[in-house]
Amino acid sequence: RLECMSFIWDFDCEVEALRNTLYVVEEAANEVINSAQLKRIMEVTVAMGNFLNEGTSRGHARGIRLSSLLKLETVKTLDKRRTLLHVFAEWASEEEPDLLNLSFEHCEIASHEPLGELASKLSGLKSQLDLVKAQEEASKRDSLIPGDAFAKKANEFCQRAEKDLNFLQNLCDSSLRLYEESAVLYGEEMKSISAEFFCIVVAFLSMLERAVQENRQRKAMEERKKKAEENALKAKIAKEKASGGLQKLPEGAVRHSSNDSASELLKAKFNRVKENREIEEAILRLPQEQNARKSECSKRSNFDSLKRFRNRSSRRLDDKILASQRSVTSSRSMANYNSGSRSNKLDCKDEFFANRISLDRKKPNMDQSLNRSEIIGQLKRSEETLKNL
């Protein structure tokens, strides 16, 4: 009976604590399910992973687990100073700042709760309620105390406690269903309620906040460094001005004011900058000039090869023309030789050799351009002459 009275005394507190925990789990699961920012972060992470793994078997992933977000801190840049999470935070701050304004208050609370003990606590409350019911029946049956009100009070408590426990059971079922839905949505397989899922979300949020803070510190450091370099440059210019104004002038030189020396120093500095700029422009123009020279050389080589080909073709045509003319001349001379007398035959021989010598002397120059139509006409006429003979 004392144990039952202790249970009745602490029942409301235990039920209230269990109800609050289940409400937190339900709200945390709804936060994760309805978070468009977390879904966008997963989408961008998949795109970055596919870009880095392009050309490999992992370069065409269609999704990742929620726990894969924790690996963004393990992928480092070439200088080993930043991680892929820093790169993502820098991109998000410039392109989509809303991704950095994540808020999962209930997830943070749920990550510290012993969610694995919810079912056991609920079953413990049910077993203790059964004990109270048994004690109530025993007190009704054989009570030795006159005016004993335990059975009446226990009966009232049991009726109220059954309603509360039924409500807690329904709430636990709905919370477990939402938890499983959120876990499956983000690729995690957790059949029982556990704080591990919400711990992943909270750990990623803390990592992202730390990356954003480190990016800000690095940016502030770069700005301070840049400002220090500008101040050092200004101090150097001021020192050069002061040293230029205090230089000793040679004898017979006219002493100018400090403003004139400063202006001369600035002019000299401007000239040096101008010379450096001209050198940079010449270096930039160098590849273009090289490409122009290469194209010009290729054009010249093509022209020379075309000219040589034309000379070879014209030389071959000239040889054909000379051969045809020689054959025509020799045929005429031999015809006259065979048809005439002995004196005429001698004259024909002389004429043949004279024509041969004249044709050799009339050989055209290879460098001069020939008319293709005239050459073809000469060849046709020589062929007709040969046929007639």
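What you see is a predicted model; the values in this text were computed from it and never measured.

Criteria and cut-off values
- Residues numbered from 1 in each chain as written.
- Predicted model: local features only at pLDDT ≥ 70, side-chain atom pairs only at ≥ 80, totals over all residues.
- Heavy atoms only, no water.
- Salt bridge = Lys/Arg side-chain N within 4 Å of Asp/Glu carboxyl O.
- Helix = DSSP H or I, 4+ residues; strand = E, 2+ residues; numbered from the N terminus.
- Expected span 1.5 Å × (residues − 1).
- Buried < 20%, exposed > 50% of the residue type's maximum accessible area, 1.4 Å probe, protein only.
- pLDDT = per-residue confidence, 0-100.
- Contact = heavy atoms within 4.5 Å.
- Core = buried A, V, L, I, M, F, W, Y, C linked by side-chain atoms within 4.5 Å.

Notes on the pattern of salt bridges
Close approach of charged atoms allows side chains of opposite charge to pair. Scanning the entire structure with this criterion turns up 10 salt bridges. Put simply, Arg19 and Glu16 hold a salt bridge, and the shortest N to O gap is 2.6 Å. Note that Arg19 and Glu16 are positioned in helix H1 (residues 2-33) at a spacing of 3 residues, about one turn of the helix. Notably, a salt bridge pairs Arg82 with Glu90, separated by 2.3 Å at the nearest N-O pair. By sharing partners, the salt bridges in this structure join Arg82, Glu90, Arg218 and Glu222 into a single network.

Observations regarding helix H2 (residues 36-52)
End to end, H2 covers 25 Å across 17 residues, agreeing with the expected 24 Å (1.5 Å per residue, within 8%). Residues Leu38, Ile41, Met42, Val44, Thr45, Val46, Met48 and Asn50 constitute the buried set of H2.

What about the confidence of the model for the protein chain?
When pLDDT is averaged along the protein chain, the result is 76; 71% of the residues meet or exceed 70. Predicted confidence in the protein chain is weakest over helix H9 (residues 342-361), with a mean pLDDT of 48, and strongest over helix H3 (residues 84-95), with 90. Low pLDDT, under 50, characterises residues 341-346; the predicted model gives this stretch 2 contacts beyond four residues in sequence or across chains. Considering only residues more than four positions removed or in separate chains, one finds that residues 359-370, a stretch of pLDDT under 50, has 14 contacts.

So, the nonpolar core
Ranked by size, the top nonpolar core spans 58 residues in total, and within it Phe11, Leu66, Leu69, Leu85, Phe88, Phe197 and Phe198 carry the most contacts. Residue assignment for this core shows that the elements contributing at least two residues are H1, H2, H3, helix H4 (105-110), helix H5 (118-141), helix H6 (150-185) and helix H7 (196-245). Excluding residues within four positions of it along the chain, Phe11 makes contact with Leu125, Phe157, Ala161, Asp164 and Leu165.

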